[in-house]
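Now for the letters of each chain:
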Amino acid sequence: MTAAAVTVAPAVVVDRAAIRRQRVLGVVYLLMASVIAYFLTSDVKEGATSTFLLKPAGSASAISVPNLVVPSLAVVWLAAGLCAALGAVQLIRGFGSRWAVVLGIVVVAFVFAFLTWAAAGRSMSLIGILQLTVQKALPITFGALSGVLCERAGVVNIAIEGMLLSGAFTGAVVGSATGNNVVGLVAAAVVGGALGGMLAVLAIRYRMNQIVAGTVINIFAAGLTSFVAARVLGAHRELNEPEKFASIPIPVLSEIPIIGPMFFSGNIFMYLLFVLIGLIHYGLFYTRWGLRVRAVGEHPRAADTVGINVQFTRYRIVILGGIVAGIGGAYFTLGSTGSFVQNMTGGRGFIGLAAMIFGGWTPIGSFLASLIFGFADALQARLSILNVAVPSEFLLMVPYIVTIIVVAGLVGRVRMPAADGQPYDKG
Amino acid sequence: MSEPTPPQATPATPPPPPAPAKPAPASAQRAPAPAAPASASPGEPASLGQRIRGGARGLILPVLAIFSALVIGAIVIVLSDITFFDRLRADPGTALGAALDEVLGAYGALFTGSLGNPGTYAAAFASGDLEQITRAFTPISETLLAATPLLFTGLAVALGFQCGLFNIGAEGQLYLGAIFGTFVGFAFTGLPWFVHIPLAIGAGFLGGALWGFIPGLLKARTGAHEVIVTIMLNYIAFNLVNFILKVPGYQREGRSDPISKVTIDSSWYPPLVEGLRANWGFILGLVAALLVSWLLFRSTRGFEFRAVGLNPTAARYAGMSIATTTIVAMTLSGGLAGLAGTSIVLGVTHTLTFGISAGFGFDGIAIALMASSKPRGIIFASLLFGALRAGATPMQSITGIPIDLVVVIQALVIMFVAAPALVRGIYRIRVPEATGLETFSQGWRA
C-alpha cells in the first residue's frame, strides 16, 4: 500500500484530503466486497437460483414481462469480484472526477447481491419493491419540496415532520367527518399552511431561532395530534376511517413494463407530486417569482435594495412550503394506510430534509434522492415479510443509517442558499 | 438592552442571576495566545440587591411562559371535547361552566398529583403516624423521581447549547446509557454497592457518550448537521433497544417479551426516605449540575465551549480547535444523557424495557431552553417539568384527560421562552432579551 502511494505521489500530492477520501472509499469498497463474499454466500445452496418477478401480481397488462432468473452464487461472487476490483483500483489510483459513478456502481452491486442472496432458492417480487419504493418516496419528496421552497428563500424549515404529522391527522379526521377525502386533503393543506404561517411568524416576526421554532412546532404537532387522537379518536372510531384515494392507472403509460407500474399506476398524490415537482422547478428557475425567491435566500440585502420585500416573500414561501408538506402528510392517511396512528410519520420529515440536501436544494434532485430513501424503506418492509435472516430491527435502521451517511458525505460538497437560516434585519 | 452590569458590549450577555464569576466572553480583541482564564476576571461583582432584582426579572419570562402555556392548554382541553359546541349552542351557561370545571379538575389533579393534597398533609401530621406522613409525601417523591432523568437530559442539552450545538439526540443517548448501565447492573455479581453503583454509572455515561460522540465527530469532520444526525441516531437507538432486549443473555430467562434481566440490588440507588420511590439519583443529578456549572463557568474547557458557541471565528483566532471542542462537547452531552438512562434503570425500574423513557430526552430541550442553559435554572426547570409529569398520570386516571396534554404545554412553554418578543407583545411588559440561544449556529453550516 505504501509503495502504491509513493508511485502516485507526484500526481496528487497537492490535495491530501482527496487522497485520504480516495483511500477511505477504497477500503469501504473492499469491505463491502468481503461482506458480500463472506455473509451473502454463507447459506446459499449450490445451483440455487433467485427469481425476480418483474410484473405486478394481478396485472392485466398486454405486454408480457418475463421473470428475471439468475444463478444465486454466481451473481453474488460476481458482485463481490466487481466491488473488490473497483476497490483495489480506487485504493491505488482513484477514479478522479468519476468517483460518484463508481460509488453508484458499487452500491447497486451490493444491493443486487443482497437481493439475490435474500431471494436465493425462491422468488421475490422486484417490481413490488420498486413500486413500494416510489410509494415510500412520495411523502419524503413532499417534505423535501417543502424544504426546498423554504430554504431557497432563506428559512430553515425543520418543522416538516410536524407539518406531515398534522397533515396526516387532519386528512384522516376531516376526510372521515365530511365523508369526502378531497375535503380532507384540502384541510390537510390548510393546516400545513397554518403551521407554515406559525413558523414564519416565530422565525421572521419574532426572530426566534429557526431550528428552535421548527422543533417547537414538531413537539407541538406531536403532542396535539396524540392528545386529540387519545381523547377523541379512541372513542369515535368513525372519525378515523377516511375513504382512501383509489389508484388511477394512466391509460397506455401504465402499460409500459416496470416504469408503468412504478410511476403511472399510483393515486392522486403521485400525480400531484409530479405536477408540483414540475411547477416548483419551473417556478424557481425560470420565472421572475423564482428569481426573487432565490435572491431573498441568497442575498437578502441586495434583494431589498432592488425593491423586493424580503420579509413578505419569506412569509409567502414558508406558508406555501407548509401547504406542500400538509398535502404530503395527508398521503400517510388518505393515500396509504387509511387511518391515523400516533406519530405515524416516524421521522420522514427529517429524512425529507436529508433528501433535500442530497438533492442539492432542487426539486428534481430531491425527488431522485427521495427514491433512494424510499428504496431503503421499501427493502426494509419487504424483507421483514420475507423472513430474511437479518433481525428486523437492523432492517428498520437502514433508512436512518442511509440518511446519516448521506448527510455526512454530502453536506460539505453541495452548495446551499447563502442566507439559509439567517434572519433579515432591515436597517 | 438593559444590562445592570455590562462586562462587555456583547449582545449575548445573559441576565445576571446565576453568574457569580463571569469570565469575559471571547471577543476578537483577545490575543491569539492559548486562552486559559481558569477562574480569573470576575468582572464587576453585582450587589446583593441588584442580583435579587435581576433574579426576579429573570423569572418574569418563565413564569409568564408557563402561565400562557397553561391558558392555551385549557383551551385545548375545552375544544377537544367534541360535544362542547353542541352543548354551547343548547345552553351556553352550563356548557361554559362545565368546561371551566373540566379545566380546573384537570389542572387540580395535575397539582395534587405532583405536590400533594394539603388536606392529606394536615391529616397525616395530625395523626402523627410516621407511615401516614410518609405516604402523604408520595406526590412530592414522584415529582423528584420524574425530575431526576430530566435533570440529566436538561444538563445534556444545555451543555450542547452553550457550545452552539443542538443535541436533539438525548433520547437515544439515554437509551444507550440504559443499555450499558443495565448490563453492568445484572452481569456483575458479588460486588459491594460502592463498587457496583459507580461502575454502572460509568457504563451508562460511556454508552451515552458513544452516542454523542458520533454526531460530534461527523459534525467536526464532515459538517453534517447535528440536528439531523442525532434525530436519526434516536431512531437507530430505539431499534437497538428492541433488538438487544431479545438477545439471549440480555433478555430475562423464560420471557418472550422484550425485557432485560433484573439488575442486582447492589447496583440500585438507595431511596432518600424509606418507603418512598425518590432516590439518591436526584442527589447525583444535583452533583452533576454542580459539576457542569463548574465545567462551564470555571474551567478552561468550559470557557472554550462557550467561546466556540458565542463566536466560532473569534474562538478559532484565539487558538481554540472548533473540531475538538465540538467533539468533546457532544460526547459529554451524550454522556450526561446516558446518566439519565441509568438513573431510571438503577433508581426506578431495575430492569430495561422499551418504555423506560417517555420522552425525557425531548423534555430536556424544553428544560434547557427554559433555564437559558444555566445549571442552576435547570434544577428548577426539571423540578417543574417533573411535577408536570408526575401529575399527568393521576390527571389521566382521575379526569380522563390524556397525558399528551403535558407535551402540548411543554411545546408552548418552549415557544414562549424562546421568543421573548412574543411574551412582550402579549403582556406589554419588558422582559429580558437573552434566552441562552444566542450561541446557535445558523442554518446547516458546520
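How each quantity is defined
- Residues numbered from 1 in each chain as written.
- Chains lettered and ligands numbered in written order.
- Predicted model: local features only at pLDDT ≥ 70, side-chain atom pairs only at ≥ 80, totals over all residues.
- Helix = DSSP H or I, 4+ residues; strand = E, 2+ residues; numbered from the N terminus.
- Rg over C-alpha atoms; globule rule 2.2 N^0.38 Å.
- Buried ≥ 20, exposed ≤ 12 C-beta atoms within 10 Å, placed from the backbone.
- Contact = placed C-beta atoms within 7 Å.
- Nonpolar A, V, L, I, M, F, W, Y, C, P; charged D, E, K, R; others polar.
- Axes fitted to C-alpha atoms, helices over the stretch in contact; angles between N-to-C directions.
- Parallel < 35°, antiparallel > 145°, perpendicular 65-115°, else oblique.
- Left-handed = near helix turned anticlockwise from the far one by under 90°.
- Pairing = 2+ DSSP bridges.
- pLDDT = per-residue confidence, 0-100.
- Domains from an automatic or database assignment.
- Core = buried A, V, L, I, M, F, W, Y, C linked by C-beta atoms within 7 Å.

**A short note on the overall build of chain A**
Part 1 of the argument: Regarding its fold elements, chain A presents 16 helices and three strands.
Part 2 of the argument: Computed over its C-alpha atoms, the radius of gyration of chain A comes to 24 Å, within 12% of the 22 Å expected for a compact globule of 427 residues.
Part 3 of the argument: Scored against the burial criterion, the 427 residues of chain A give a buried share of 52%.
Part 4 of the argument: Put simply, of all contacts in chain A between residues at least 6 apart along the chain, 77% involve residues at least 24 apart.

**Re the interface of chain A and chain B**
How large an interface is tends to be reported as the accessible area lost when its parts come together.
Part 1 of the argument: Contact with chain A, which involves 44 residues of that partner, is made by 42 residues of chain B.
Part 2 of the argument: A total of 15 residues in the side of chain A that touches chain B trace back to one element, the largest contributor, which is helix α8 (residues 210-233) of chain A.
Part 3 of the argument: For the side of chain A that touches chain B, a count of residues per class yields 30 nonpolar, 10 polar and four charged.

**A few points about the packing of helix α3 (residues 72-92) of chain A against helix α4 (residues 99-118) of chain A**
Axis angle and axis distance: for two packed helices, these are the angle between their axes and the distance between the axes, and together they describe the pair.
Residues and elements named next belong to chain A.
Part 1 of the argument: Relative orientation of the contacting elements α3 and α4 amounts to 155°, with a least axis distance of 9 Å. What the angle tells us is that α3 and α4 run roughly antiparallel. Where α3 crosses over α4, the two elements pack in a sense that is left-handed. Residues Ser72, Val75, Val76, Ala79, Ala80, Leu82, Cys83, Leu86 and Gln90 of α3 pack against Val102, Ile105, Val106, Ala109, Phe110, Phe112, Ala113, Thr116 and Trp117 of α4.
Part 2 of the argument: Here the residues of the contact of α3 with α4 sort into 15 nonpolar, three polar and no charged.

**Overview of the sheet that holds strand β2 (residues 68-71) of chain A**
Residue and element names in this part refer to chain A.
Part 1 of the argument: The three strands lie next to each other as β2-β1-β3, forming an open sheet whose pairing is mixed. Each having just a single partner strand, β2 and β3 (123-125) make up the two edges of the open sheet. Taking the axes of each pair of neighbouring strands and ignoring which way they run, one obtains an average angle of 20° across the sheet.
Part 2 of the argument: Here four bridges tie strand β1 (residues 49-53) to β2, and the two strands are oriented antiparallel to one another. Looking at β2, one finds that Thr49 is bridged to Pro71.

**A closer look at the confidence of the model for chain B**
Residues and elements named next belong to chain B.
Part 1 of the argument: In the predicted model, chain B carries a mean pLDDT of 83, and the fraction of residues at 70 or more is 84%.
Part 2 of the argument: The low-confidence segment residues 1-43 (pLDDT under 50) makes 82 contacts with residues lying over four places distant or belonging to another chain.
Part 3 of the argument: This model gives residues 441-446 a pLDDT under 50, and the stretch forms 13 contacts once residues within four places in sequence are excluded.

**A word on the environment of A:Ala246**
Residue and element names in this part refer to chain A.
Part 1 of the argument: Mapped onto the elements, Ala246 comes out in the loop between α8 and α9 (259-263).
Part 2 of the argument: Residue Ala246 is classed as exposed on the basis of its 8 C-beta neighbours within 10 Å.
Part 3 of the argument: Separated by 94 residues in sequence, Ala246 and Arg152 have C-alpha atoms that sit 34 Å apart.

**Some points on the domain arrangement of chain A**
Part 1 of the argument: For chain A, the domain assignment lists domain 1 (2-121) and domain 2 (131-410).
Part 2 of the argument: Distance between the C-alpha centres of domain 1 of chain A and domain 2 of chain A: 32 Å.

**Quick word on the environment of A:Asn157**
Residues and elements named next belong to chain A.
Part 1 of the argument: Relative to the assigned elements, Asn157 resides in the loop between α5 (126-152) and α6 (160-178).
Part 2 of the argument: For Asn157, a count of 35 C-beta atoms within 10 Å puts it in the buried group.
Part 3 of the argument: Measuring from C-alpha to C-alpha, the distance between Asn157 and Ala203 comes to 9.9 Å, with 46 residues separating the pair along the chain.
Part 4 of the argument: Setting aside anything within four residues of it in sequence, one finds Asn157 in contact with Ser146, Gly147, Cys150, Glu151, Leu199, Gly214, Val318 and Gly321.

**With respect to the nonpolar core**
Part 1 of the argument: Of all hydrophobic cores here, the largest spans 267 residues; its most connected members are A:Ala79, A:Cys83, A:Ala113, B:Leu155 and B:Phe416.
Part 2 of the argument: Viewed by domain, this core spans two of them, domain 1 (2-121) and domain 2 (131-410) of chain A, each represented by three or more residues.
Part 3 of the argument: With residues near it in sequence (within four places) discarded, A:Cys83 still touches A:Tyr29, A:Met32, A:Ala33, A:Ile36, A:Val106, A:Ala109 and A:Phe110.

**As for the packing of helix α7 (residues 181-205) of chain A against α8(A)**
All names here are of chain A.
Part 1 of the argument: Remark: α7 packs on α8, axes separated minimally by 9 Å, with the N-to-C direction vectors making an angle of 145°. Considering how the two elements wind past one another, α7 and α8 form a crossing that is right-handed. Note on element contacts: α8 touches α7 through Gln210, Ala213, Gly214, Ile217 and Ala221, opposite Leu195, Met198, Leu199, Leu202 and Ala203.
Part 2 of the argument: Class assignment for the residues of the contact of α7 with α8 results in eight nonpolar, two polar and no charged.

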